[in-house]
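Tertiary structure, described
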Amino acid sequence: MSELVSLETLQKKKLNIIKSPTGSGKTYFALRAIPESISDAYHHVVYLIDTVNGKEQILQNYNATVYSYYWKEEVSHDELQKIASQKLVVMTYAKLGQLLLTDKRFCHHFDYIICDELPSLLKFQNFSEKPNLHSIAKEALEEVAAHSDTVVIALTATPDLLYRQFKAPYYEVPIDQTLIRRYKTGEIVGYDNLECLLSSLEPDKTGICYVSRITQMKSLEEKARELGFNPISIWSINNKDHPMNEEQLAARQSILKDFTLPPQYNLLFINASSETSLKIKSPVDYVIVHSKDCDTQVQVRGRVNSDLSKLYLPHLDPTALTVPNEYLNKPLFAAEKNQLCEILNRKNPYNRPYRWPSIKSMLIDCDYTLSEGRKDNRRYVMITPPQ
């Protein structure tokens, strides 16, 4: 990524969006290239991230440090004597919101503000009544991005929410996408019931499963153990209602520090606290994302920094797939099948259109009847609507 993005192209008074897949080197670029470009990164650059898990993984693997009261005072008061350093301060968006309560112009003190997975901030602000720490941080970042000389950078694989909801002009930093490293996903498989899916999987394979609620994580972990898996669940360390036990904390520490799932486990359950932040470089055979949100699907798949054999996603709502009458009860050859795929406009988590084999499976799941035949040595399919 450092070779693909020039700091000279970044613009002031705009949100600079660096869009590239998870695992492509965005974090490395931001934590190495930007601090090396100025003499005192410690006081002039801040790195913001959406989760505590992500913050701790950066602290353990990069030249970064945590917020302190003395750092805040030094940043806020130019007249104080300072010792220059290339070490970068990393904090969550919630922490930034807390600092803004006492200094509304705190963001204006920096030359660079790096925002890791900024779309998560737009989601988190809706989790409680506004104003809250996340909504305060969002408004401050919008203001500094649009009206100051601070260069604000957003690093994300899924920027669509920024285009729609972040209230500042934006500039998508040009990157030659053909030169970016991308991990492959062998097969995308749909499912209807998560517990039934778990029952069908091989317990000797290694996987990651995303679900949104901790109570569901606990229930699924118990179910997986009965099926012969060796599961473990991790969530936010700040959750007071569901504190993690020592075993969970040890597994979490291994992932944060070494990017590996401890070998005694072969199924890791995660939730939104790890959706955008954790990186796992040890072998993983499959990922299950129990969410129909495309951004979540892309982000959770991206937790595995390697090629993946299978990605399991929930089936689409059957009522959302309707075949136009002109494609029913008549032979559809290759050209007509391609036209139908374009009309139905179904896309996978990587925003690429599904081709006929996947559309065919979806139609069957929606109770359409598909009859195949051959005419003039050309294969066709006949689609009959649900009765």
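I will try to describe carefully the structure that is included in this document. (Residues numbered from 1 in each chain as written. Predicted model: local features only at pLDDT ≥ 70, side-chain atom pairs only at ≥ 80, totals over all residues. Heavy atoms only, no water.)

A few words on helix 14 (residues 356–365). Turning to helix 14, its buried residues number three or more, namely W356, I359, M362 and L363. End-on view of helix 14: buried residues confined to an arc of 120°, all on one side of the axis. (Buried < 20%, exposed > 50% of the residue type's maximum accessible area, 1.4 Å probe, protein only. Helix = DSSP H or I, 4+ residues; strand = E, 2+ residues; numbered from the N terminus. Arc of directions from axis to C-beta.)

Over its 13 residues, helix 10 (residues 214–226) extends 19 Å from the first C-alpha to the last, a length consistent with the 18 Å expected when each residue adds 1.5 Å. The set of residues buried in helix 10 consists of I214, Q216, M217, L220, E221 and A224. Down the axis of helix 10, the buried side of the element spans an arc of 145°, and every buried residue falls inside it. The secondary structure elements touched by the buried residues of helix 10 are helix 9 (194–200), strand 10 (231–233) and strand 11 (267–270). Backbone geometry just downstream of helix 10 places G228 in the positive-phi region, at approximately 100°. (Expected span 1.5 Å × (residues − 1). Contact = heavy atoms within 4.5 Å.)

Our next topic: the packing of helix 5 (residues 93–100) against helix 7 (residues 133–147). Look at helix 5 against helix 7: their axes get within 7 Å of each other, and the N-to-C directions meet at 80°. By the criterion of interaxial angle, the relationship of helix 5 to helix 7 is roughly perpendicular. Contacts between helix 5 and helix 7 involve Y93, A94, L96, G97, Q98 and L100 on the former and, on the latter, L133, H134, I136, A137, A140 and L141. Taken together, the residues of the contact of helix 5 with helix 7 sort by class into nine nonpolar, three polar and no charged. (Axes fitted to C-alpha atoms, helices over the stretch in contact; angles between N-to-C directions. Parallel < 35°, antiparallel > 145°, perpendicular 65-115°, else oblique. Nonpolar A, V, L, I, M, F, W, Y, C, P; charged D, E, K, R; others polar.)

Turning our eyes to something else, we now look at unusual backbone geometry. Excluding glycine, a negative phi dihedral is what most residues carry, and trans is how most peptide bonds are arranged. Residue P131 is bonded to the preceding K130 through a cis peptide linkage, with omega at -5°. Looking at where P131 falls in the secondary structure, it is placed in the loop between helix 6 (118–124) and helix 7. Here N329, not a glycine, exhibits a phi torsion of approximately 55°, which is positive. Take N329: it is sitting in the loop between strand 13 (308–314) and strand 14 (331–332).

Judged by how many residues are buried, strand 1 (residues 15–19) sits mostly within the fold: four of five residues are covered. Sheet topology note: the strand 1/strand 6 (residues 151–156) ladder contains five bridges and is parallel. Looking at the pairing, I18 lines up with L155 of strand 6. (Pairing = 2+ DSSP bridges.)

Judged by pairing direction, the sheet is antiparallel, and its three strands sit side by side in the order 14-16-15 without closing on themselves. The sheet is open, and its two edges are formed by strand 14 and strand 15 (369–375), each paired on a single side. With seven bridges connecting them, strand 15 and strand 16 (residues 378–384) associate as antiparallel partners. Bridge pairing in strand 16 places T369 opposite T384. Contacts from helix 14 reach strand 15 and strand 16 within the one sheet, and its direction differs from that of strand 15 by about 135°.

Within the structure shown, the criterion is met by nine aromatic pairs. The interplanar angle of 85° and the centroid separation of 5.3 Å between the aromatic rings of F106 and F110 together place this pair among those described as edge-to-face. When sorted by exposure, F106 lands in the same class as F110, which is buried. For R378, the ring lying beneath its charged end belongs to F333, and the centroid distance is 4.0 Å. (Phe/Tyr/Trp six-rings, centres within 6.5 Å; stacked < 30°, edge-to-face > 60°. Lys NZ or Arg CZ within 6 Å of the ring centre and 35° of its normal.)

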